[in-house]
Structure formats: structure tokens, C-alpha cells
Amino acid sequence: MVFECSSENIGTTKGVNCCMNVSDTVTRDDFYKKGKELYGEDFKNWEFCCSFCGFKQSQSSIVTIMQDKGFHESMRYGQITLDNIQTLKPSIETECLSKDCNFVAYGLVPSTFGKYGGMIVDGKYVFKFAKEANI
Ligand SMILES: [Zn+2]
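Residues numbered from 1 in each chain as written. Predicted model: local features only at pLDDT ≥ 70, side-chain atom pairs only at ≥ 80, totals over all residues.

### A look at the overall build of the protein chain
1) Next: Assigned secondary structure in the protein chain consists of three helices and seven strands.
2) Next: Counted from the first residue to the last, the protein chain has its helices and strands arranged as β-α-β-β-α-β-β-α-β-β.
3) Next: Relative to its full complement of 135 residues, the protein chain shows a buried share of 31%.
4) Next: Counted over contacts in the protein chain with a minimum sequence separation of 6, partners at least 24 positions apart contribute 56%. (Helix = DSSP H or I, 4+ residues; strand = E, 2+ residues; numbered from the N terminus. Buried ≥ 20, exposed ≤ 12 C-beta atoms within 10 Å, placed from the backbone. Contact = placed C-beta atoms within 7 Å.)

This is how it looks when you write it as C-alpha cells:
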């Protein structure tokens, strides 16, 4: 069954294969150039927005939460601490680290980006930069 890409399907599993909201298909070079323009040289400060729930995250923001609380609660990984983050190696640009969402930009089917959109960088699906997402 094919679902129509109506606004009510965007961001739901019904939208698989029809509700991709890709605003940019860019090369890796363009991706790094844009990231540096928006956030500076340090990748740790680059903030991405989950395509599904809109959660904004950067490596720095997650580390700050861990320093404040001792851990960051993530639906995908459970409690992430400074001790286990190197083992878990969460991908800030493709994996939502919210406590309420475990959306990933990659998956079994080509990613269905929800209402917050995403980018395809050299064929790899990634979240949009938070500053470019409409949240
Ligand atoms: Zn999310």
C-alpha cells in the first residue's frame, strides 16, 4: 500500500518511502563548509536537529548535560556517561539522543525524514543543522 505524502503522514511511519523532507543534497566538502559557517571550526559545537522530534543536539550540549547531571538519558542508549561515551560513540548527526525518541537518519529503508527535514551528504542521510531546521 502506498501512502500519500500528506501533512498528517509526515514524521510518522506511514510516511515511509513518500515523506522524505530533504532540503539539501550536498557533497561532504559543502557539508563541512556549511557547518563551519554556522558553528565554527570545532565539530563538537555543531548542532543538529532530529528529523522526527526536533531535539537539538551537539557533542558539546550532550557533554554539558552529562557534566551537570552525571549522565544523559537517551532512549536509544540509556544512560550515557562520560565514562561510557567513548564506547558507545553515538553519532550526533544521525542518531537522536533524546530521552523520548530513538530516530536514526539511516535505517533499513531509505530514511524518512520527518517534519524537521534532513540532508543527504555524499549519499549518507544526516540530520539538518539546527540553525537551518524550522523549529
Ligand atoms: Zn528525535
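### Remarks on helix α1 (residues 28–39)
1) Next: With 12 residues, α1 extends 16 Å between its outermost C-alpha atoms, agreeing within 8% with the 16 Å of an ideal straight helix rising 1.5 Å per residue.
2) Next: A positive phi of about 95 degrees marks G40, the residue just after α1. (Expected span 1.5 Å × (residues − 1).)

### Topic: the pairing of strand β7 (residues 124–129)
1) Next: Counting buried positions over the six residues of β7 gives five, a clear majority of the element.
2) Next: In this sheet, β7 lies alongside strand β2 (residues 48–49) in antiparallel orientation, the contact comprising two bridges. Residue pairing for β7: F48 is matched across the bridge by F129.
3) Next: Alignment of strand β6 (residues 118–121) against β7, held across four bridges, turns out to be antiparallel. Across the sheet, the residue bridging to V121 is K124, located in β7. (Pairing = 2+ DSSP bridges.)

### Remarks on the confidence of the model for the protein chain
Predicted coordinates in regions of low pLDDT should not be interpreted in detail.
1) Next: On average, residues of the protein chain carry a pLDDT of 83, and 79% of them reach 70 or more.
2) Next: Between residues 1–7, whose pLDDT stays under 50, and residues either more than four places distant or in other chains, the model counts 11 contacts. (pLDDT = per-residue confidence, 0-100.)

### Looking at the nonpolar core
Burial of nonpolar side chains together is a common tendency in soluble globular proteins.
1) Next: Residues F48, C49, C50, C96, V126, F127 and A130 are the most contacted members of the largest nonpolar core, which totals 21 residues.
2) Next: Elements with a minimum of two residues in this core: β2, β6 and β7.
3) Next: Examining the composition of this core, we find that four residues originate from one element, β7, more than from any other.
4) Next: Apart from the residues lying within four places of it in its own chain, the contact partners of F48 are Q57, I92, E93, F127, K128, F129 and A130. (Core = buried A, V, L, I, M, F, W, Y, C linked by C-beta atoms within 7 Å.)

### Here's the deal with unusual backbone geometry
1) Next: One non-glycine residue, K89, lies in the positive phi region at around 45 degrees.
2) Next: The residue K89 is located in the loop between α3 (85–88) and β6 in this model.
3) Next: A positive phi angle, near 50 degrees, is found at D122, a position not held by glycine.
4) Next: Following the sequence through the fold, D122 ends up in the loop between β6 and β7.

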